[in-house]
Structure formats: structure tokens, C-alpha cells
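Each chain, letter by letter, is given below.
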Amino acid sequence: MAARKHSRQRDLVKEFLMTRKDHPTADVIYMNVRRADPNISLGTVYRNLALMAKDGEINRLSMGDGADRFDADTSPHFHLLCENCGAVVDLETEDIGAVLERAARRCGGRVTGYVAYFYGVCPDCMKPQGL
């Protein structure tokens, strides 16, 4: 991959995303980044998110609930989509290396990646309902 030209707008998008743990949508990112740069366009935010996701700088989460979410934490981890409020929460889990090895053996090929989403109720929604 060729080095990308430096972009102040890309820096603003990434800096904002790194402050968040709630996996915001492009629209939320845009609304917040334009406070620092009122001239930034929604298209610029989308393009920069796509570039950073392609380059592995951030993760794009397609949770099946509509708009993609974005995560600056690129370490291997899972997510829970709250069926009540729509929040996306990081999940700490054990290493799944053995599962990946078993999958590779069963398919007779090589597993190069995986995506797994969990669905349920987030801790914030559990509190008021006493679930």
C-alpha cells in the first residue's frame, strides 16, 4: 500500500474516534468533528472512515441494525448489540484461537479472519429493568 498524503481532516476524524467507546456512526462523528472544522463535509468524513478502515487503522462494524459503526480499538475483541437501546458494547472474551484452528481443519483450508457479534441487553438497560 502506498503511503497516503497527510490530511488534517482525517486526523480530526481519528482523534475524535479515539476518544469514544460507544462505536459511533459516521453521522455522529461528522456532527462532532465539524465543531473543530465547520467546513468538513459528511462525504469527507465517510471517505476518511472508509480509507482508515481499509488500511486497518480503525474497524468498521456492520451490525445489521442500519448504519455502520466505527471503532478505533483494532485489537481482537467482540461486540454486543443491545436489542433494547441499540448500543454497541465491547465484550472481553477468552482467546478463540482453538476455534479458528478447528474451523481451518474442518474446511480444509485456511481461516484468515472472523466476525462475530453478540445480541442481548447492555448493562445500562439491565439496571432500570432489574433484569
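Before any of the text, the structure's been laid out above.
These numbers come from a predicted model, not from an experiment. (Residues numbered from 1 in each chain as written. Predicted model: local features only at pLDDT ≥ 70, side-chain atom pairs only at ≥ 80, totals over all residues. Heavy atoms only, no water.)

### So, the pattern of salt bridges
Per the counting criterion, the structure on display carries 5 salt bridges. The partner of R60 in a salt bridge is D68, with the nearest N and O atoms 3.0 Å apart. Note on R60: relative accessible area 37%, which makes it partly exposed. Classification of D68 as partly exposed rests on a relative accessible area of 24%. (Salt bridge = Lys/Arg side-chain N within 4 Å of Asp/Glu carboxyl O. Buried < 20%, exposed > 50% of the residue type's maximum accessible area, 1.4 Å probe, protein only.)

### A closer look at unusual backbone geometry
Backbone geometry at H23 places phi at a positive 55°, although glycine is not the residue there. Positionally, H23 belongs in the loop between α1 (8-18) and α2 (26-33). (Helix = DSSP H or I, 4+ residues; strand = E, 2+ residues; numbered from the N terminus.)

### Brief notes about the sheet that holds strand β5 (residues 117-120)
The sheet built from 3 strands is open, its strands ordered β4-β3-β5 with mixed pairing. Strands at the two margins of the open sheet, each flanked by one partner only, are β4 (88-91) and β5. Here the average twist between neighbouring strands, direction ignored, is 30°. For strand β3 (residues 78-82) and β4, the ladder comprises 4 bridges, and the chain directions are antiparallel. Across the sheet, the residue bridging to F78 is L91, located in β4. (Pairing = 2+ DSSP bridges. Axes fitted to C-alpha atoms, helices over the stretch in contact; angles between N-to-C directions.)

### Focus on the packing of aromatic side chains
Scanning the entire structure with this criterion turns up 2 aromatic pairs. Centre to centre, the rings of F78 and Y114 are 5.9 Å apart; their planes meet at 40°, and the pair counts as tilted. With F78 in strand β3 and Y114 in the loop between α4 (97-107) and β5, the pair connects residues that are 36 residues apart, well separated along the chain. Judged by relative accessible area, F78 falls into the buried class, the value being 7%. Classification of Y114 by relative accessible area gives partly exposed; the value is 37%. Relative to F118, the ring of F78 lies with its centre 5.6 Å away and its plane at 90°, an arrangement referred to as edge-to-face. Residue F78 is found in strand β3, and its partner F118 is found in strand β5; the two are separated by 40 residues along the sequence. Classification of F118 as partly exposed rests on a relative accessible area of 38%. Members of the aromatic cluster, each reached through a chain of ring pairs, are F78, Y114 and F118. (Phe/Tyr/Trp six-rings, centres within 6.5 Å; stacked < 30°, edge-to-face > 60°.)

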